[in-house]
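Take a look at the letters that make up each chain.
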Amino acid sequence: MSVNVEAYQSIIKELKQTNTILVAVSKTKPVADIQALYNSGQRDFGENYVQELVEKEAQLPKDIRWHFIGHLQSNKVKYIASFVHLIHGVDSISLLKEINKQAVKNNRIINCLLQVHIAEEETKFGFGLHELENQLHELDGLKNVNVCGLMGMASFSDDTNKVRGEFKKLKSMFSKLEIRNTKLEILSMGMSGDYIIAVEEGSNMVRIGSLLFGAREYNK
Ligand SMILES: *Cc1c(COP(=O)(O)O)cnc(C)c1O
């Protein structure tokens, strides 16, 4: 068992001061590890791969709130639509339309965050900061998705000023943006290596894996 319950307790305590929600990122980790953290009180868990999520969901307690934090392909939305609590990485209107369609089929409203590309690196998915504002009108007919916030990933870098600057950009957009005349609620930013900076810059939901579950064996 590689769960670090001590680290969990101290992170939870720290995050409580700013009302920040912890999503425990359990990708590649066994259900026993998730159960162990669940037994310590954790209910929000994040996964990156559809098949892995579906298999774990079937084996674990039903009051877990499952967050999908990976890159979601449209043709796989149907497998998680009946139970997923929040989809973090929505990076196109066409994906949002598919989520809406599957939500209708399941008679649900699915919570979504739009992923915004804030890192300088080319490889990260997401809307451009300005592109998003121009596409918001496309959300109008999509009644079964609740777009309640933004998600972003900073550059993987030791340069904390750079990371901080990227989080600042996202926070500023988060504060300004209104969707259907409503202010956004959730700003998902920060991982094991940068969550402290993210919270300082206004994050209210962090996604932490390796600090809780130990390093992943392979980098996926
Ligand atoms: C894997 C992953 C995390 C957690 O990363 P750690 O560095 O292990 O905390 C957070 N967010 C996303 C989108 C991820 O893919």
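Whatever comes next refers back to the structure up there.
Residues numbered from 1 in each chain as written. Predicted model: local features only at pLDDT ≥ 70, side-chain atom pairs only at ≥ 80, totals over all residues. Heavy atoms only, no water.

Below, the discussion takes up the pattern of salt bridges. Note that side chains of opposite charge can pair when their charged atoms are close. If you walk through the whole model with that rule in mind, you get eleven salt bridges. Residues Lys56 and Glu47 are paired through a salt bridge, measuring 2.9 Å at the closest nitrogen-oxygen approach. Overlapping salt bridges bring together Arg164, Lys168, Glu200 and Glu201 as one network. (Salt bridge = Lys/Arg side-chain N within 4 Å of Asp/Glu carboxyl O.)

Right, let's talk about the packing of aromatic side chains for a bit. Scanning the model with the defined rule gives one aromatic pair in all. Seen in terms of ring centroids, Phe45 and Trp66 are 6.1 Å apart; in terms of plane orientation they differ by 45°. Their pairing is tilted. A residue pair is termed long-range when its members are at least 10 positions apart, and Phe45 in strand β2 (residues 44–47) and Trp66 in strand β3 (residues 65–68) qualify at 21 residues. The ring centre of Tyr38 lies 3.5 Å from the NZ or CZ of Arg43, which sits over that ring. (Phe/Tyr/Trp six-rings, centres within 6.5 Å; stacked < 30°, edge-to-face > 60°. Helix = DSSP H or I, 4+ residues; strand = E, 2+ residues; numbered from the N terminus. Lys NZ or Arg CZ within 6 Å of the ring centre and 35° of its normal.)

Core analysis: the largest hydrophobic core is formed by 62 residues, its most contacted members being Ile87, Ile99, Leu114 and Leu150. Core analysis: the next-biggest nonpolar cluster, separate from the first, contains seven residues, Leu113, Cys148, Met151 and Ile186 among them. (Core = buried A, V, L, I, M, F, W, Y, C linked by side-chain atoms within 4.5 Å. Buried < 20%, exposed > 50% of the residue type's maximum accessible area, 1.4 Å probe, protein only.)

Take unusual backbone geometry next. With phi around 70°, Thr28 is a residue other than glycine that occupies positive phi space. Counting through the fold element by element, Thr28 comes out in the loop between β1 (21–25) and α2 (31–39). Judged by its relative accessible area of 23%, Thr28 is partly exposed. The backbone phi angle of Arg180 is positive, close to 50°, even though this residue is not glycine. With respect to the helices and strands, Arg180 occurs in the loop between β7 (178–179) and β8 (182–183).

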